[in-house]
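Architecture at a glance
Read off the chains here:
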Number of protein chains: 2
Amino acid sequence: MQYKINMYAIVVYDVNVSRQNQIREFLRKYLYHVQRSVFEGEISPSSLYYMKKILQSYIGETDSLIIYVLRDKSCLMDKIVLGEDKDLQIY
Amino acid sequence: MQYKINMYAIVVYDVNVSRQNQIREFLRKYLYHVQRSVFEGEISPSSLYYMKKILQSYIGETDSLIIYVLRDKSCLMDKIVLGEDKDLQIY
């Protein structure tokens, strides 16, 4: 059985208010919502490919969305959270 | 000569408007400003320690600031930028 290691993605976005709901609801299907416009989590290469394509179709010219792709979760040496740990996945 | 590899940091924050300037101006001394409330860049362990301490002193209770620490830049397999590539370092 070929064991496939997932990559780790961190998505940050600064988009027009008219598109925020759409992008947030879409990203929730793939990643964890950890800050107002920040999502993170493990993701397979095929899901990443599909997520990117859909996000590309949503994004407006003046919007900005960045997907940081880490080889795997072990690359994340530390995650330092200052202030409130906003687990927004439940809202 | 002991060659020290820098870590790679991605900082995202969601803070009260009264503190945004202070945090932005401080982070600019260490990292690149790539999106409204996102900074990234290589950083030494000692600078990361100092940066964290200062940010901790700035952050309010309802604010949220996350520092993702990657072992080194090679851990960043890909950086996908959709929409506008906002290089804010010059503003």
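Numbering of residues starts from 1 in each chain and follows the order in which that chain's sequence is written. Numbering of ligands from 1 and lettering of chains from A proceed in the order in which they are written. The predicted nature of this model means local features are confined to residues of pLDDT at least 70 and side-chain atom pairs, given and counted, to a pLDDT of 80 or more, with totals for whole chains, interfaces and linings taken over all residues. Hydrogen atoms and water are omitted, and side-chain values are computed over all heavy atoms in the structure.

**What about the overall build of chain A?**
The numbering of helices and of strands both runs from the N terminus, where a helix is a DSSP run of H or I of at least 4 residues and a strand a run of E of at least 2. In terms of regular secondary structure, chain A is built from two helices and five strands. The helix and strand sequence of chain A, counted from the amino end, reads β-α-β-β-α-β-β. A simple rule labels every residue: compare its accessible area, found with a 1.4 Å probe on the protein chains alone, to the largest value its type can have, and call it buried under 20%, exposed over 50%, or partly exposed in between. Here chain A holds 91 residues, and 49% of them are scored as buried. Surface accessibility follows the Shrake-Rupley procedure with a 1.4 Å probe radius. Residue values consider only the protein chains on display as shielding. Of the accessible surface of chain A, which amounts to about 5100 Å², a share of 48% is contributed by carbon and sulfur atoms.

**Some details on helix H2 (residues 45-58) of chain B**
Residues and elements named next belong to chain B. A rise of 1.5 Å per residue sets the reference length of H2, with its 14 residues, at 20 Å; its end C-alpha atoms lie 20 Å apart and thus fit the reference within 8%. Every buried residue belonging to H2 is among Leu48, Met51, Ile54 and Leu55, and all of these are buried. For H2, the angular spread of the buried residues around the axis is 135°, confining them to a single face. Among the exposed residues of H2, those oriented more than 90 degrees off its buried face are Ser46, Tyr49, Lys53 and Ser57. For a helix, the expected span equals 1.5 Å multiplied by the residue count minus one. The arc in question is the one spanned by the directions pointing from the helix axis to the C-beta atoms.

**Regarding the interface of chain A and chain B**
Pairs of residues are marked as contacts when any of their non-hydrogen atoms sit within 4.5 Å. Contact with chain A, which involves 38 residues of that partner, is made by 38 residues of chain B. For any pair of parts, buried area is found by adding up, for both, the accessible area (1.4 Å probe) each one loses once the two are put together. Taken together, the two surfaces of chain A and chain B that pack against each other cover about 3500 Å², and 58% of this comes from carbon and sulfur. Together, Tyr68, Ile80 and Leu82 of chain A form the three largest contributors to the area buried by chain A at its contact with chain B, with a combined 21%. Basic side-chain nitrogens of Lys or Arg form a salt bridge, by our definition, when they fall within 4 Å of a carboxyl oxygen of Asp or Glu. Counting every contact that joins chain A to chain B gives two salt bridges. When the shortest N-O distance is used, the salt bridge between Asp14 of chain B and Arg36 of chain A registers 3.1 Å. Definition of a polar contact: a pair of N or O atoms within 3.5 Å, with one able to donate and the other able to accept a hydrogen when the atoms are protein atoms, and with sequence-neighbouring residues admitted only if both atoms are side-chain atoms. Connecting chain A to chain B are 22 residue pairs in polar contact (both at pLDDT 80 or more).

**Regarding the relation of the copies chain A and chain B**
Superposing the copies works by least squares over the C-alpha atoms of residues that have pLDDT at least 70 in both of them. Each copy of the sequence occupies a distinct position, and chain A is placed on chain B by a rotation of 180° and an axial shift of 0.0 Å, giving an RMSD of 0.0 Å. Such a turn and shift between the copies fits a two-fold axis. Among all C-alpha atoms of chain A, that of Cys75 of chain A lies closest to the rotation axis, at 2.8 Å. Looking at the interface residues of chain A, 100% of them are also at the interface in chain B, so both copies use one shared face.

**Quick look at the environment of Gly83 of chain B**
With respect to the helices and strands, the residue Gly83 of chain B is situated in strand E5 (residues 76-83). Given a relative accessible area of 40%, Gly83 of chain B falls into the partly exposed group. Once you skip the residues sitting within four places of it in the chain, Gly83 of chain B turns out to touch Ile59, Gly60, Glu61 and Asp63 of chain A.

**Observations regarding the sheet that holds strand E3 (residues 38-43) of chain B**
The sheet built from five strands is open, its strands ordered E5(A)-E4(B)-E1(B)-E3(B)-E2(B) with antiparallel pairing. Each of the sheet's edge strands pairs with one partner strand only, and the pair in question is strand E5 (76-83) of chain A together with strand E2 (32-35) of chain B. Recorded for the sheet is a direction-independent mean angle of 20° between the axes of neighbouring strands. Only strands joined by at least two bridges in the DSSP assignment are considered to pair. In this structure, strand E1 (residues 7-14) of chain B lies alongside strand E4 (residues 64-70) of chain B, joined through seven bridges in antiparallel fashion. Following the sheet pairing, Val11 of chain B is matched in E4 of chain B by Ile67 of chain B. Across the face of the sheet, helix H1 (residues 17-27) of chain B comes into contact with E1, E2, E3 and E4 of chain B while running at roughly 170° to E1 of chain B. For every element, the axis is a line fit to its C-alpha atoms; helices are fit only across the contacting stretch, and the angle between N-to-C directions ranges from 0 to 180 degrees. The sheet contacts of H2 of chain B involve E5 of chain A together with E1, E3 and E4 of chain B, and relative to E4 of chain B the element is tilted by about 170°.

**Re the UniProt feature "binding site: Mg(2+)" in chain A**
UniProt positions are given in the numbering used here, feature names are shortened, and annotations may be inferred rather than shown by experiment. Per the UniProt annotation, the sites labelled "binding site: Mg(2+)" are Asp14 of chain A. Looking at where Asp14 of chain A falls in the secondary structure, it is placed in strand E1 (residues 7-14).

**Observations concerning the packing of helix H1 (residues 17-28) of chain A against helix H2 (residues 45-58) of chain A**
All names here are of chain A. Across the interface, H1 lies against H2 with an axial gap of 11 Å and an inter-helix angle of 170°. Classified by the interaxial angle, the pair formed by H1 and H2 is roughly antiparallel. Facing Arg19, Gln22, Ile23, Phe26 and Leu27 of H1, the residues of H2 in contact are Tyr50, Met51, Ile54, Leu55 and Tyr58. Taken together, the residues of the contact of H1 with H2 break down into eight nonpolar, one polar and one charged. Any angle that falls under 35 degrees is termed roughly parallel, while one over 145 is termed roughly antiparallel, one within 65 to 115 roughly perpendicular, and all others oblique. Gly is put with the polar residues, along with every residue not named as nonpolar or charged; the nonpolar set is Ala, Val, Leu, Ile, Met, Phe, Trp, Tyr, Cys and Pro, and the charged set is Asp, Glu, Lys and Arg.

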